[in-house]
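Residue-level structure breakdown
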Amino acid sequence: MSARAAAIEAARALARALPSAPWSEGVLRSVSMLPPAQGRADPYLLKVLRFLAEKILPIRESEEPWAAPQFRLFAEAFMLSSEFQEALRQGLAQVRPRAASAALDLHSGPGVCLEAVAGQWSKLIAVDPSPINLELVEERLVAVGARSYELIVGDCGSLSGRVRDPVGLAIAASPVNWFYDARPVVSRLYSLLEPGGYLLLIAPLERAGGVSPLSPFIAALGGRRPPSREELEDMLLSEGFARLRVREGELLSAVVAVKP
Amino acid sequence: MAVRAVRVLKLRCPECGREAAIQVGEDTLAAAAASPAGLVGVADYHGDHVLVVYVDGEGRDRGVRVFRTLQRGEALRVNPSFLSYTGLVAGFRVSSGGWSVECFAGSPRALLRVLRNEQALDLELRSFEYAARVVEWGGGLLGALERAGLPDLGGLLLSILLLDANATNPPSPFATRLFEIALKARRLTVRVDPSAAELLREYASRVPGLSPRLVDFALSVNGWRLIDAVAGPDPLTIRERLQALMSLERRGVVGFEEVGA
């Protein structure tokens, strides 16, 4: 079953649901650039993305789209999809946990990534602009028996001085990150990492000459264009990261880098 | 130490018709005798409303009244049978500038006091093992009360159940919002987004504390008042339903719409 086929099929549904608004044109253009879907669409992911397509207007029109209830539900459902879980698994396989260090998840969404690393790090820190997302994080962390965690309402622009000690793992993976430029996120996470600390990004990277099937959704949400793999690699290296590893999935890539 | 019930008043609630057995203890008789009016109110929890029986110093029924919202200057005692719903909390008193509500099965030997501006919460606990956490959760309840003003009495008792259910968990920074919803439970209507419910059903088994069965429950209470939606035959069911609805609200499957009191 294909995650890519699911996203392409749902993107066509998104195109049909769009109103005639100036911002719709860019979305329609990126949908028109998508190739025909190949293979059988992953039925779970198709439902998840069709839900997003159906709810795109109320989400986009809300004052804080990343905190809209429909987006919160979508983000959790998306992060539990096989495609996301596989990217997370592949990314975490490159990371050696340090029992004395903390793990931080920036723009954590519902906390699916922190739940996956609970028990491997001394402390878990979730940062998200939506307090209700942090309630979801807490729900998950309490359920897995996490004893030491911190929940911070904020984002990469307001985090300065709020994380006291450097962390051993910094994650930016949830769809809440779709609303942020990659460069300030990478830069902020670099400053929070301890030497030897790991950065884990999960993102729909554009491919040279092509469009990610998730790009129309991101554009329709009013999010930021995802960087291409090459742009992201340049960004990470110029920030000072080393030992880059990129695992490309059908829709999502897992990128791991180390702060020297 | 439990105080002997010197009298049990049996009466029917004029609001819901439920038969109520109100225990009147020696402390209640003493409180009535000491009050300027010679009466004390004893409250019985009926979900969205509270039946209050006024008792004189000799334990006679001097009138009943159904309360929805607490009145300024009111001092109510809740029928100790309410404590059969709680695990950790063996008695409590909540007081604010103008009112107080208490429920004790006897004379408490030790009380844990939580203070916040004009509000105070005194708790008798069956175990003090989790006292530090209880203080944090109690602070959340008082914070919510501060914002709520004169609270809905049924919502206040629902909040005590929530405090009791959560007090052994680490304190949550979001406790105040949880209690705010419970305090307003009579004024909130449950609204379900069917397409969101359909999506959640796909992965509900991977969400802590949820299941497709609870999603079905949420769909079945669409349009109900929250306080009616959580009402159940036993305290565990009430807790499970309230926590499930809160969990669904966080995910946007359920919305709580405030309607006039």
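So, how was this worked out
Residues numbered from 1 in each chain as written. Chains lettered and ligands numbered in written order. Predicted model: local features only at pLDDT ≥ 70, side-chain atom pairs only at ≥ 80, totals over all residues. Heavy atoms only, no water. Domains from an automatic or database assignment. Contact = heavy atoms within 4.5 Å. Buried area = accessible area lost by both parts, 1.4 Å probe. Salt bridge = Lys/Arg side-chain N within 4 Å of Asp/Glu carboxyl O. Polar contact = N/O pair within 3.5 Å; in protein donor to acceptor, adjacent residues only side chain to side chain. Helix = DSSP H or I, 4+ residues; strand = E, 2+ residues; numbered from the N terminus. Phe/Tyr/Trp six-rings, centres within 6.5 Å; stacked < 30°, edge-to-face > 60°. 1 Å grid on protein atoms, 1.4 Å probe; cavity = no way out; pocket = protein on both sides within 12 Å on 5 of 7 lines; lining within 4 Å. Points joined across faces, edges and corners; volume = space filled by probe spheres on them. Nonpolar A, V, L, I, M, F, W, Y, C, P; charged D, E, K, R; others polar. Pairing = 2+ DSSP bridges. Axes fitted to C-alpha atoms, helices over the stretch in contact; angles between N-to-C directions. Disulfide = S-S within 2.5 Å. Buried < 20%, exposed > 50% of the residue type's maximum accessible area, 1.4 Å probe, protein only. Parallel < 35°, antiparallel > 145°, perpendicular 65-115°, else oblique. Left-handed = near helix turned anticlockwise from the far one by under 90°.

Things to note about the domain arrangement of chain B
Residues and elements named next belong to chain B.
- Entries for chain B in the domain assignment read domain 1 (5-183) and domain 2 (185-258).
- One C-alpha centre belongs to domain 1, the other to domain 2, and the line joining them spans 26 Å.
- Counting residues at the interface gives 21 residues for domain 1, matched by 17 residues for domain 2.
- Together domain 1 and domain 2 conceal approximately 1,600 Å² of surface at their shared face, both sides included; 61% is due to carbon and sulfur atoms.
- Summed over the shared surface of domain 1 and domain 2, the result is one salt bridge.
- The salt bridge partner of Glu249 is Arg177, with a shortest N-O separation of 2.7 Å.
- There are four residue pairs in polar contact (both at pLDDT 80 or more) connecting domain 1 and domain 2.
- When contributions to the side of domain 1 that touches domain 2 are tallied by element, the ones reaching two or more residues are helix H3 (153-166) and helix H4 (175-183).

Thoughts on the packing of aromatic side chains
Residue and element names in this part refer to chain A.
- With the rule as written, the count across this model stands at 11 aromatic pairs over all chains.
- Relative to Phe74, the ring of Phe71 lies with its centre 5.7 Å away and its plane at 45°, an arrangement referred to as tilted. Residue Phe71 and its partner Phe74 are both found in helix H4 (residues 69-79); the two are separated by three residues, about one turn of the helix.
- Measuring from centroid to centroid gives 5.6 Å for Phe78 and Trp178, while their planes differ by 75°, and the two rings are edge-to-face. Linking Phe78 in helix H4 with Trp178 in the loop between strand S4 (167-172) and helix H8 (182-192), this pair joins segments that are 100 residues apart in sequence.
- Grouping aromatic residues by their ring pairs yields a cluster made of Trp66, Phe71, Phe74, Phe78, Phe84, Trp178 and Phe179.

What to know about the layout of surface pockets
- The calculated volume of the largest pocket comes to roughly 620 Å³.
- Around the largest pocket sit 27 residues that line it, and Glu139 of chain A together with Asn166, Asn169, Gln243 and Arg250 of chain B are the ones nearest its centre.
- Put simply, the parts of the chain that give the lining of the largest pocket at least two residues each are helix H7 (131-143) of chain A together with H3, H4 and helix H8 (235-250) of chain B.
- Here the lining of the largest pocket takes six residues from H8 of chain B, the largest share from any one element.
- Here the lining of the largest pocket is built from residues that sort into 15 nonpolar, six polar and six charged.
- For the lining of the largest pocket, the domains that each give at least three residues are domain 1 (5-183) and domain 2 (185-258) of chain B.
- In this structure, the second largest pocket occupies an estimated 280 Å³ of space.

Side note on the sheet that holds strand S5 (residues 193-203) of chain A
All names here are of chain A.
- Ordered in space as S3-S2-S1-S4-S5-S7-S6, the seven strands form an open sheet in which the pairing is mixed. Because the sheet does not close on itself, it has two edges, and the strands there are strand S3 (149-153) and strand S6 (242-248). Sheet twist, expressed as the average angle between the axes of neighbouring strands with direction ignored, equals 15°.
- Here S5 pairs with strand S7 (residues 253-258) via six bridges, running antiparallel. Residue pairing across strands places Leu201 opposite Val255, the latter belonging to S7.
- On the sheet, H8 packs against strand S1 (102-106), S4 and S5 and is oriented at approximately 150° with respect to S5.
- Contacts between helix H10 (residues 229-239) and the sheet are confined to S5, S6 and S7, with S6 contributing the most and set at about 160° to the helix.

What about the state of the cysteines?
- Within this structure, the stated rule accounts for zero disulfides over all chains.
- Here Cys156 of chain A stays unpaired: no disulfide links it, and the sulfur of Cys113 of chain A, its closest cysteine neighbor, is 16 Å away.
- Residue Cys156 of chain A is classed as buried on the basis of its relative accessible area of 8%.
- Considering cysteine sulfurs only, Cys13 of chain B is the nearest to Cys16 of chain B, which forms no disulfide, with 3.8 Å between them.

Some details on the packing of helix H1 (residues 3-17) of chain A against helix H2 (residues 22-32) of chain A
Residue and element names in this part refer to chain A.
- At a minimum axis distance of 10 Å, the contact between H1 and H2 shows a crossing angle of 150°. By the angle between their axes, H1 is roughly antiparallel relative to H2. Both H1 and H2 take part in a crossing whose hand is left-handed. Here Ala11, Arg12, Leu14 and Ala15 of H1 lie close against H2, whose contacting residues are Val27, Leu28 and Val31.
- Counted by class, the contact of H1 with H2 contains six nonpolar, no polar and one charged residues.

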